[in-house]
Amino acid sequence: MTEIQKLLVRKSEVRQGLAALGAKADATDEDLAKIDELSTEYRSLEVRERALIVAGDKPEDADPVTGDDAEDGDQAEDGESVELRNLTGKVRLSRYLESAVTETGIDGAEKELREHHRLGDNQVPWSAIAPLEEPDPEKRAVSPAPADTSLQSAAILARVFRRSDAAFLRVRMPMVGVGEANYPVLTSVASEPTTLAKDAGATEPKVTFTANVLSPVRLSASYLWRREDAAVMRGMEEALRSDLSMALNQALDAAIINGNGTAPNPAGFLGGANGALGAGSDQTGGVQTFQEFIAGVAGQVDGLYAYRLADVRALVAPTIYEQMAGAFANSGKGDEAAAQYLERFSAGMRVSGHISDTVASKKHSAIYQRGVAGAAVAPIWEGVTLIRDEITQAKKGQIVVTGIMLYNFKVIRVAQYHRALIQTTA
């Protein structure tokens, strides 16, 4: 329990005691003395609380009652967590990039955060790459620095990125440290519980776990600057953060969806013969109707991983969505299309730009996901390494900085995913 948590609990106890004593119609001298004592203590607690708030420990982070799961509720933070959060809020990605471009050292919060994560001199903590604020649904990022910095410049119109397919498919992406990452799965139990006769002995089941050990593979994104741009780099902070984080995110998505399983590429969901979901299966023959589109998704409800349509998600190629949007329950224009129906009643349905829209036997791919998150994992190793190259474009006075991240991907419970092949043309 943090100091402020203890303080808030005691404040609650003092208020309760004051309320009980104040409600007495026939308070004794002893009661009045106790009221005076508790009132003095309460004022002291108020002063201490303000001191802790100024020091960075916020009362909203110190609710004595917390959730069991960080995904379901905010956990109370200890002093170290609050200090790290405050430190992270001070760092600027542009300072790390400027250091890489100019080959100068770095100090201040950026150096402290790097040392906290035990990273090298050319590495950037992931928390410095995350966008400073929640981005728009259309992820947008960087443009070159203005030619004349004395001009009044409008906000940078950034390039557009696809939204994360991995997150939609409930792929867990934990941050991991040095070494390989292992994700064990309980795969089988030799005997299930059964009803037994009187005095009958229970069977001791043999439990089987499968280890999924993943080693890091490399993913990179490069940025090119003119030497003249380095002087104004600090003014490009938000755009640089958004661009680098989303560029790496998009490349990661592409690998997760289409990785062909040939080293060093991981086996993505749709990675051909070596892909995690194999070649896929025909949903039905012929061009799909409204009822067939709905039945394809509803067919994933099995009473084990999915108990209702709202437990199933569908990620589809653009042509499939186009077909769904035009497939009505009846021929009347006022009817609901299959796309609208699934958007309302399933756990989610959307288009992926990473799923190839090339016709193969008039069929396109869709990925169905059902059940809880974590059946697929994409661990990310802490720290993006920056490599400076001033040689390749030296004649133009340009510097290339390449950011390298380490990741891997594996579907550790294939049964929670299904690849469907859907015919969209006659």
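What counts and what doesn't
- Residues numbered from 1 in each chain as written.
- Predicted model: local features only at pLDDT ≥ 70, side-chain atom pairs only at ≥ 80, totals over all residues.
- Heavy atoms only, no water.
- Core = buried A, V, L, I, M, F, W, Y, C linked by side-chain atoms within 4.5 Å.
- Buried < 20%, exposed > 50% of the residue type's maximum accessible area, 1.4 Å probe, protein only.
- Helix = DSSP H or I, 4+ residues; strand = E, 2+ residues; numbered from the N terminus.
- Contact = heavy atoms within 4.5 Å.
- Axes fitted to C-alpha atoms, helices over the stretch in contact; angles between N-to-C directions.
- Parallel < 35°, antiparallel > 145°, perpendicular 65-115°, else oblique.
- Nonpolar A, V, L, I, M, F, W, Y, C, P; charged D, E, K, R; others polar.
- Pairing = 2+ DSSP bridges.
- Polar contact = N/O pair within 3.5 Å; in protein donor to acceptor, adjacent residues only side chain to side chain.
- Phe/Tyr/Trp six-rings, centres within 6.5 Å; stacked < 30°, edge-to-face > 60°.
- Lys NZ or Arg CZ within 6 Å of the ring centre and 35° of its normal.
- pLDDT = per-residue confidence, 0-100.
- Left-handed = near helix turned anticlockwise from the far one by under 90°.

**Student:** Outline the nonpolar core, listing residues and values.
**Tutor:** One finds Leu169, Val171, Phe269, Met324, Ile367, Met405 and Tyr417 to be the most contacted residues of the largest nonpolar core, which totals 69 residues. Per element, the largest residue contribution to this core is seven residues, and it comes from helix α7 (residues 237-258). Excluding residues within four positions of it along the chain, Ile367 makes contact with Leu169, Ile257, Phe269, Leu270, Leu277, Arg313, Ala314, Leu315, Ile355, Tyr417 and His418. Leu8, Val14, Tyr42 and Leu52 belong to the second largest nonpolar core, which has nine residues in total.

**Student:** Describe in detail the packing of helix α9 (residues 318-325) against helix α10 (residues 338-345), supporting the description with residues and values.
**Tutor:** Following both chains from N to C, one finds α9 and α10 inclined at 100°, their axes separated by 6 Å at the closest point. Looking at the two axes, α9 sits roughly perpendicular to α10. On α10, the residues touching Tyr321, Met324 and Ala325 of α9 are Ala338, Ala339, Leu342 and Glu343. Considered class by class, the residues forming the contact of α9 with α10 number six nonpolar, no polar and one charged.

**Student:** Give a detailed account of the sheet that holds strand β12 (residues 348-351), specifying residues and quantitative values.
**Tutor:** Strands sit in the order β10-β18-β13-β11-β12 across an open sheet of five strands; the sheet is mixed. Edge strands, defined here as strands with exactly one partner in the open sheet, are β10 (281-282) and β12.

**Student:** I'd love a proper account of the side chain of Gln288, names of residues and values included.
**Tutor:** Inspection of the secondary structure puts Gln288 in the loop between β10 and α8 (290-298). A distance of 3.4 Å separates a polar atom in the side chain of Gln288 from the backbone oxygen of Gly286. Setting aside residues up to four positions removed in sequence, Gln288 forms contacts with Gln283, Phe293, Ile422 and Gln423.

**Student:** Tell me about the packing of aromatic side chains, and please be specific about residues and values.
**Tutor:** This model, assessed by the stated rule, comprises four aromatic pairs. Taking the centre distance of 5.9 Å and the plane angle of 75° together, the rings of Phe290 and Tyr341 count as edge-to-face. Taken together, the positions of Phe290 in helix α8 and Tyr341 in helix α10 put the pair 51 residues apart, joining distant regions of the chain. Residue classification places Phe290 among the buried positions, given a relative accessible area of 11%. The structure contains a cluster of three or more aromatic residues connected by ring pairs, namely Phe269, Phe409 and Tyr417. Taking the ring centre of Phe168 as reference, the NZ or CZ of Arg313 above it sits at 5.4 Å.

**Student:** Describe the side chain of Gln369, naming the residues involved and giving the relevant values.
**Tutor:** Relative to the elements of secondary structure, Gln369 occurs in strand β13 (residues 363-370). At 3.2 Å, the side chain of Gln369 forms a polar contact with the backbone oxygen of Gly371. Those residues in contact with Gln369 that lie beyond four places of it in its chain are Leu169, Arg170, Asp311, Val312, Arg313, Gln416 and Tyr417.

**Student:** Could you give an account of the confidence of the model for the protein chain, with specific residues and numbers?
**Tutor:** Taken residue by residue, the protein chain gives an average pLDDT of 75. The fraction at 70 or more is 74%. The spread of mean pLDDT over the elements of the protein chain runs between strand β2 (residues 139-140), the lowest at 38, and strand β11 (residues 312-316), the highest at 94. Below pLDDT 50 for its whole length, residues 57-76 participates in 32 contacts with residues either more than four positions away or in separate chains. Counted against residues more than four places away or in other chains, residues 132-162, with its pLDDT under 50, gives 53 contacts.

**Student:** Tell me what's going on with unusual backbone geometry, and back it up with residues and numbers.
**Tutor:** Backbone torsion omega between Ala263 and Pro264 reads 5°, so that peptide bond is classified as cis. As for its position among the elements, Pro264 is in the loop between α7 and β10. In this structure, Arg118 is a non-glycine residue whose phi angle is positive, near 55°. Turning to its location among the elements, Arg118 is positioned in the loop between α5 (108-116) and β1 (123-124). According to the relative accessible area criterion, Arg118 is exposed, its value standing at 78%. Positioned with a positive phi, Arg170 is a non-glycine residue whose angle comes to about 60°. Topologically, Arg170 is positioned in the loop between α6 (165-168) and β4 (175-176).

**Student:** Hey, could you go over the packing of α8 against α10 for me, with residue numbers and the actual values?
**Tutor:** Look at α8 against α10: their axes get within 9 Å of each other, and the N-to-C directions meet at 30°. Between α8 and α10, the angle falls in the class roughly parallel. Seen from above, α8 lies across α10 with right-handed handedness. Residues Phe290, Phe293, Ile294 and Val297 of α8 form the contact with α10, whose own contacting residues are Ala338, Tyr341 and Leu342. Of the residues in the contact of α8 with α10, the class split is seven nonpolar, no polar and no charged.

**Student:** Can you break down the pairing of strand β15 (residues 380-389) residue by residue, with the values?
**Tutor:** Here β1 runs beside β15; their pairing, made up of two bridges, is antiparallel. Within β15, the position partnered with Val124 by the bridge is Val384. Bridge count for β4 against β15 is two bridges, and the pairing is parallel. Note that in β15 the partner of Met175 across the bridge is Ile380. When β15 meets strand β16 (residues 398-407), the two strands line up antiparallel, connected through seven bridges.

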